[in-house]
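Working through the structure, step by step
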Amino acid sequence: MKTIDIKKIGLESLHQLQSISALTFCETFGSSNNPEDLELYLHNNLNADKLLFELSTKDSEFYLAIYEGKVIGYLKLNFKNAQTENQDPEKVELERLYVLQEFHGEQIGYQLMQFAIETVMQRGLKTLWLGVWENNLKAITFYKKLGFITFGEHCFKLGNDNQRDLLMSLSLNN
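The notes below deal with the structure included here. None of the values given here were measured: they were computed from a predicted structure.

Digging into unusual backbone geometry
- Notably, Glu68 is not glycine yet its phi reads approximately 50 degrees, a positive angle.
- Among the residues examined, Glu68 registers a relative accessible area of 71% and is labelled exposed.
- In this model, Lys80 sits at a positive phi of 45 degrees, which is unusual for a non-glycine residue.
- Among the secondary structure elements, Lys80 is positioned in the loop between strand E3 (70–78) and strand E4 (91–99).

So this is what it looks like as structure tokens:
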């Protein structure tokens, strides 16, 4: 298992965030989606202005996963009103967790998830939740192994394609 450093980032890391966001999103979803929809999503959702806004949002936090000086993944947590779905303020959304494909199988995603869980628990909050594309079976299996359960669904717009995300949550015993 490779051990990573996890670093909270701010506005100064915009370009690193944009680069890792676009690369990991394309690696994860590129082969199973229409290229035009993928490009439109990247243009609308992972552009510098949008990420700058997200980095500036008070109740959102981004963390980079760094291995041997290289950014290999990241995660985004949303608290309170920054959550993408109207949720209880005692809940925290894990909006994004992505790792470069070359590091899949190295427990990087697990380390990032454990970090997210610890962050939520340290703040005395009770639930971590996320949305995951219904066709991302690898991620769904990963979340289920960690104890996440499905509690609903929502629409995720990838370009012009309306996709179904499963909403999953993990109850944390503080």
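Here's the deal with the packing of helix H1 (residues 14–29) against helix H2 (residues 35–45)
- Two elements in contact, H1 and H2, have axes whose closest approach is 11 Å; the angle formed by their N-to-C orientations is 155 degrees. As judged from the angle between their axes, H1 and H2 are roughly antiparallel. Two packed elements cross with a definite hand, and for H1 against H2 that hand is right-handed. In this structure, H1 contributes Ala22, Phe25, Cys26 and Phe29 to the contact, and H2 contributes Leu38, Tyr41 and Leu42.
- Classifying every residue of the contact of H1 with H2 gives 7 nonpolar, no polar and no charged.

Basis of the calculations
Residues numbered from 1 in each chain as written. Predicted model: local features only at pLDDT ≥ 70, side-chain atom pairs only at ≥ 80, totals over all residues. Heavy atoms only, no water. Buried < 20%, exposed > 50% of the residue type's maximum accessible area, 1.4 Å probe, protein only. Helix = DSSP H or I, 4+ residues; strand = E, 2+ residues; numbered from the N terminus. Axes fitted to C-alpha atoms, helices over the stretch in contact; angles between N-to-C directions. Parallel < 35°, antiparallel > 145°, perpendicular 65-115°, else oblique. Left-handed = near helix turned anticlockwise from the far one by under 90°. Contact = heavy atoms within 4.5 Å. Nonpolar A, V, L, I, M, F, W, Y, C, P; charged D, E, K, R; others polar.

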